[in-house]
Amino acid sequence: MSDSQVAASRPLVALTTEAAEEAGRHRKPQIQLYGAYLMRLQEAGLTPVLVTPLHDEAAVREILSVCSGLVLSGGEDVAPWRYGEHEIENVFVTPERDTVEWTALAEAQRLRIPILAICRGIQVLNVFCGGTLWQDLPSQRPNGLGHDQKAPYGEGSHVVNIREGTRLHAIVGTSATRVNSYHHQAPKDIAPGLVVSATAEDGLVEGLETSGPEWVVGVQWHPERLPEGAGPNHPDRMLFASFASAVQAKMREPTP
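**Regarding the overall build of the protein chain**
Per the secondary structure count, the protein chain includes eight helices and 13 strands. Scaling as 2.2 N^0.38, a compact globule of 256 residues should have a C-alpha radius of gyration of about 18 Å, and the protein chain matches this with 18 Å. With the C-alpha coordinates aligned to their principal axes, the bounding extent of the protein chain is approximately 55 × 45 × 40 Å. The buried share of the protein chain, reckoned over its 256 residues, is 49%. Residue pairs at least 24 apart in sequence account for 67% of intrachain contacts in the protein chain once pairs closer than 6 positions are excluded. When the accessible surface of the protein chain is summed, it comes to about 12000 Å², and 52% of that surface belongs to carbon and sulfur atoms.

Take a look at the structure:
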């Protein structure tokens, strides 16, 4: 197979990022993203294209127009005004990123391409569709599990229960799995049209998906942060594989 044939077999997927206002030697704007996102997507046979808070809305729409999937990555907090609340302590927002991800998600839904929403991503998905968030779990749910783990990177810290009959359950093939946990916000009131697919042992929502036929799956943990030695049948690898299959199928659809 030629290099061009290999490239043609790897669909483009948009991948959102953070941006630091003052970073590096010169204290200038800089794009930030953990490399694990790119590694998992490439392992699944996809080519990630970065969508950053420094892109304008026209650029975001142009990028989405050539992509067959969207990944909303983890990062900062969603601005509470977007779900009708005032900001409380311990909340760190980046309005530019919210704007870019709202544009990307609107385009992805218009184009009906698969969407994988990770950590902050599941929160963006819920708010975009009309839901709300817990702004700060330690202060608002002090009796819940600790969701900002101290365990080593990628190692699971608590169990999530996966609802039978959901897309997520069909993907991972199990009703419970151990996941990592690095967040202080989470979905609260669930948006119309979204279905809860997974919950933590303290009842916190850890998985959402659409009720329609489109491949739209959100998880509160970080499936890209695999534990050492995770094989092809690890639930997180299967999640990326399912997303990749949906993206491949979308790429093969005839252009309207």
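**What to know about a nonpolar patch on the surface**
Residues Ile31, Leu50 and Leu54 make up a contiguous nonpolar surface patch of roughly 250 Å² in combined accessible area. Tracing the backbone shows Ile31 in strand β3 (residues 28-32). Classification of Ile31 as partly exposed rests on a relative accessible area of 34%.

**Quick notes on the packing of aromatic side chains**
Inspection of the entire model under this criterion finds two aromatic pairs. An angle of 50 degrees between the planes, with centres 5.4 Å apart, marks the rings of Trp215 and Phe243 as tilted. Of the two residues, Trp215 is situated in the loop between β12 (205-210) and β13 (216-219) and Phe243 in helix α8 (residues 235-252); the sequence distance between them amounts to 28 residues. Like Trp215, the residue Phe243 is buried in the burial classification. Its guanidinium or amino end placed over the ring of Trp134, Lys188 lies 4.7 Å from that ring's centre, counting from NZ or CZ.

**Re the environment of Arg178**
Its place among the elements puts Arg178 in strand β9 (residues 176-179). It is 11 Å that separates the C-alpha atoms of Arg178 and Pro227, two residues lying 49 residues apart in sequence. Polar side-chain contacts of Arg178 include one of 3.3 Å to the backbone oxygen of Ser157.

**Notes on unusual backbone geometry**
Even without being a glycine, Asn90 presents a positive backbone phi close to 70 degrees. Note on placement: Asn90 falls in the loop between β5 (70-72) and α4 (95-111). Owing to a relative accessible area of 56%, Asn90 belongs among the exposed residues under this scheme.

**A closer look at the environment of Glu107**
Looking at where Glu107 falls in the secondary structure, it is placed in helix α4. Separated by 80 residues in sequence, Glu107 and Pro187 have C-alpha atoms that sit 22 Å apart. Apart from residues no more than four positions distant in its own chain, Glu107 is found in contact with Arg61 and Leu64.

**Observations concerning the packing of helix α2 (residues 35-43) against α8**
Interaxial distance between α2 and α8 falls to 9 Å at its minimum, and their mutual angle equals 60 degrees. With respect to the hand of their crossing, α2 and α8 are arranged in right-handed fashion. Where α2 approaches α8, its residues Arg40, Leu41 and Glu43 are matched on the opposing element by Arg237, Phe240 and Phe243. Among the residues making up the contact of α2 with α8, the classes are represented as three nonpolar, no polar and three charged.

**Details of the nonpolar core**
Ranked by size, the top nonpolar core spans 28 residues in total, and within it Ala14, Val51, Leu64, Leu70, Val78 and Leu105 carry the most contacts. Those elements giving two or more residues to this core turn out to be α3 (57-65), β5, α4, β6 (115-118), α5 (120-128) and β12. Grouped together as the second largest cluster of nonpolar side chains are 26 residues, Val160, Val179, Val217 and Ala246 included.

**Some thoughts on the pattern of salt bridges**
In the structure shown here, the tally under the stated rule is 13 salt bridges. Between Glu253 and Lys250 there is a salt bridge, with its nearest N and O atoms 3.0 Å apart.

**Some words on the side chain of Arg141**
Positionally, Arg141 belongs in the loop between α6 (137-140) and β8 (158-162). Of the polar contacts made by the side chain of Arg141, one reaches the backbone oxygen of Asp202; its length is 3.1 Å.

**A short note on the confidence of the model for the protein chain**
Averaged over the protein chain, the pLDDT score is 92; the fraction of residues at 70 or greater is 95%. Confidence drops under pLDDT 50 across residues 1-7; counting only partners more than four residues distant or on other chains, this segment forms one contact.

Cut-offs and rules
Residues numbered from 1 in each chain as written. Predicted model: local features only at pLDDT ≥ 70, side-chain atom pairs only at ≥ 80, totals over all residues. Heavy atoms only, no water. Helix = DSSP H or I, 4+ residues; strand = E, 2+ residues; numbered from the N terminus. Rg over C-alpha atoms; globule rule 2.2 N^0.38 Å. Buried < 20%, exposed > 50% of the residue type's maximum accessible area, 1.4 Å probe, protein only. Contact = heavy atoms within 4.5 Å. Areas by Shrake-Rupley, 256 points an atom, 1.4 Å probe, with all protein chains shown as cover. Patch = residues over 30% accessible without salt bridge, like charges linked within 9 Å, V, L, I, M, F, W, Y side chains within 5 Å. Salt bridge = Lys/Arg side-chain N within 4 Å of Asp/Glu carboxyl O. Phe/Tyr/Trp six-rings, centres within 6.5 Å; stacked < 30°, edge-to-face > 60°. Lys NZ or Arg CZ within 6 Å of the ring centre and 35° of its normal. Polar contact = N/O pair within 3.5 Å; in protein donor to acceptor, adjacent residues only side chain to side chain. Axes fitted to C-alpha atoms, helices over the stretch in contact; angles between N-to-C directions. Left-handed = near helix turned anticlockwise from the far one by under 90°. Nonpolar A, V, L, I, M, F, W, Y, C, P; charged D, E, K, R; others polar. Core = buried A, V, L, I, M, F, W, Y, C linked by side-chain atoms within 4.5 Å. pLDDT = per-residue confidence, 0-100.

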